[in-house]
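# Observations on the three-dimensional arrangement
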Amino acid sequence: MWVHTPDMPVEVEQSILEDLRNRAQLNNLALLSVSFYTFLNTHNGLNCSSISNDGSLVVGGFSDSSVKVWDMAKIGQPAKTFSSQGENGSSQDERLSSTSEGKRPYTLFQGHSGPVYSAAFSPFGDFLLSSSSDSTIRLWTTKLNANLVCYKGHNYWDVQFSPVSHYFASASHDRTARIWSMDKIQPLRIMAGHLADVDCVQWHVNCNYIATGSSDKTVRLWDVQTGECIRMFIGHRSMVLSLAMSPDGRYMASGDEDGTIMMWDLSTGSCVSPLAGHNSCVWSLAFSCEGALLASGSADCTVKLWDVASSTKALKMDDTKAGSTNRLRLLKALPTKSTPVYNLRFSRRNLLFASGALSL
């Protein structure tokens, strides 16, 4: 199944090293900074949102089948001057680009023929995946702003790049999850076993496993090589909408429609921390880079920060007690004015990015 993944460009390596050198150390005493991107005037048309690893690009997937990408470096800058549009010296191409950029502050990707339910950037932000109810996943390049590949299959709810970029996973209405390679239009693996829609998918940090959350109220862990289900996590009382893996690969967090968050020990399959996290759907979960904090974003218009390090430390000390659970401590609740939280992402420097659409 595996092929050689492309080598990382030198400038990307240098950028990552620079980020690691400047990473903020987070814990329950040193909390993070949050940068929140709010979508305005979406008229209930925004279905999903995602943020690139460095926070420089934000994508929205819409009910009208469009995918729009905003470059944060260009927001707030004056649009290209319109005086050049009618000048004889400028070519038609120049006029077209300046007109379109002048009218809108985003790049529009068109190709889907149904509502877009998920979008995800590659680890380096050079590619973008979008999945739609038109039964396709599309791969776009953010460098050329063009559609590269259309992967056809079933009605997709979620799509996520693997940590090494070349592979991606999709979650589908047909109760399956699929593993894909960017260079093949057929899936490499189909994970079947859930009893209802697979609503979310998440890669393990070592790329050998994926986790899926379903409307059947279970979370399953799958072996990428064999396509077999190797763990089933039971405990949620409503559909599972979000998943996150800890950076050390030991723990997984899952959030459901009722607002409950559960943290699982992957080695034993047991729940180490059940908690009533929110008053509504938990749409996004993210671990900080060293795994000390867990951030949760919800339809109840709040971002909450949880102390993972203390509870897992207490858990290790209680290992002798069978079945002991330890609730995560809430460190801080950050309410938005009136914005349900669609997506969360920690940058490599441990800045938390969040996004959502203002709901009046």
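Residues numbered from 1 in each chain as written. Predicted model: local features only at pLDDT ≥ 70, side-chain atom pairs only at ≥ 80, totals over all residues. Heavy atoms only, no water.

Under the annotation held in an unreviewed UniProt entry, the protein carries the name Transcription initiation factor TFIID subunit 5 and is attributed to Aegilops tauschii subsp. strangulata.

Turning our attention to the UniProt feature "repeat: WD" (unreviewed entry) in the protein. The feature "repeat: WD" (unreviewed entry), as given by UniProt, occupies residues 39-72, 109-140, 159-190, 191-232, 233-274 and 275-316 in the numbering adopted here. In residues 109-140, helix accounts for 0% and strand for 56%; the two terminal C-alpha atoms are 8 Å from one another. With 0% helix and 53% strand, the stretch residues 159-190 has end C-alpha atoms that lie 14 Å from each other. (UniProt positions renumbered as here; feature names shortened; annotations may be inferred. Helix = DSSP H or I, 4+ residues; strand = E, 2+ residues; numbered from the N terminus.)

Next up on the list: the environment of phenylalanine 121. Its location among the elements puts phenylalanine 121 in strand β6 (residues 116-121). Sequence-distant contacts of phenylalanine 121, defined by excluding residues within four places in its chain, comprise Ser50, Ile51, Ser52, Leu57, Val58, Val59, Val69, Phe127, Leu128, Thr142 and Phe161. (Contact = heavy atoms within 4.5 Å.)

Our focus in this paragraph is the sheet that holds strand β17 (residues 229-234). Taking strand neighbours across the sheet as the criterion, the 4 strands line up as β14-β15-β16-β17 in an open arrangement whose pairing is antiparallel. The open sheet has two edge strands, β14 (198-203) and β17, and neither has a second partner. When the angles between neighbouring strand axes are averaged without regard to direction, this sheet yields 20°. Relative to β17, strand β16 (residues 218-223) is paired through 5 bridges, and the arrangement is antiparallel. Residue pairing across strands places leucine 221 opposite arginine 231, the latter belonging to β17. (Pairing = 2+ DSSP bridges. Axes fitted to C-alpha atoms, helices over the stretch in contact; angles between N-to-C directions.)

Time to look at a nonpolar patch on the surface. Taken together, Leu40, Leu358 and Leu360 make up a surface patch of nonpolar side chains, about 360 Å² in accessible area. Secondary-structure assignment places leucine 360 in the segment after β27 (352-357). (Patch = residues over 30% accessible without salt bridge, like charges linked within 9 Å, V, L, I, M, F, W, Y side chains within 5 Å. Areas by Shrake-Rupley, 256 points an atom, 1.4 Å probe, with all protein chains shown as cover. Salt bridge = Lys/Arg side-chain N within 4 Å of Asp/Glu carboxyl O.)

A few words now on the pattern of salt bridges. Across all of its chains, the model carries 3 salt bridges by this definition. Its salt-bridge partner being lysine 184, residue aspartate 183 comes within 3.9 Å of it at the nearest N-O pair. The class of aspartate 183 is partly exposed, set by a relative accessible area of 48%. Note that arginine 329 and aspartate 307 form a salt bridge whose closest N and O atoms lie 3.1 Å from each other. On the criterion of sequence distance, the pair formed by arginine 329 in strand β25 (residues 329-335) and aspartate 307 in strand β24 (residues 302-307) is long-range, its members being 22 residues apart. In this structure aspartate 307 comes out as buried when scored by relative accessible area, which is 1%. (Buried < 20%, exposed > 50% of the residue type's maximum accessible area, 1.4 Å probe, protein only.)

Here we take up the pairing of strand β22 (residues 282-287). Within β22, 5 of the 6 residues are buried, which leaves it mostly tucked inside the rest of the structure. Where β22 hands over to strand β23 (residues 293-298), the hairpin turn is made up of 5 residues, of which glycine 291 adopts a positive phi near 85°.

Turning to the nonpolar core, a few remarks are in order. In this structure, Ile261, Met263, Leu285, Phe287, Leu294, Trp306 and Leu328 are the most contacted members of the largest nonpolar core, which totals 14 residues. Elements with a minimum of two residues in this core: β19 (251-256), β20 (260-265), β21 (270-276) and β22. Here this core takes 3 residues from β22, the largest share from any one element. (Core = buried A, V, L, I, M, F, W, Y, C linked by side-chain atoms within 4.5 Å.)

Tallied over the full model, the rule gives 11 aromatic pairs. With a centroid separation of 5.2 Å and 55° between ring planes, the pair formed by tryptophan 70 and tyrosine 106 is classed as tilted. Taken together, the residues tryptophan 70 in strand β4 (residues 67-71) and tyrosine 106 in strand β5 (residues 106-109) connect sequence positions 36 residues apart. Residue class for tryptophan 70 comes out buried when judged on its relative accessible area of 15%. On the basis of relative accessibility, which here comes to 22%, the residue tyrosine 106 falls in the partly exposed class. Connected via pairs of aromatic rings, a cluster forms that spans Tyr151, Phe161, Phe168 and Trp180. (Phe/Tyr/Trp six-rings, centres within 6.5 Å; stacked < 30°, edge-to-face > 60°.)

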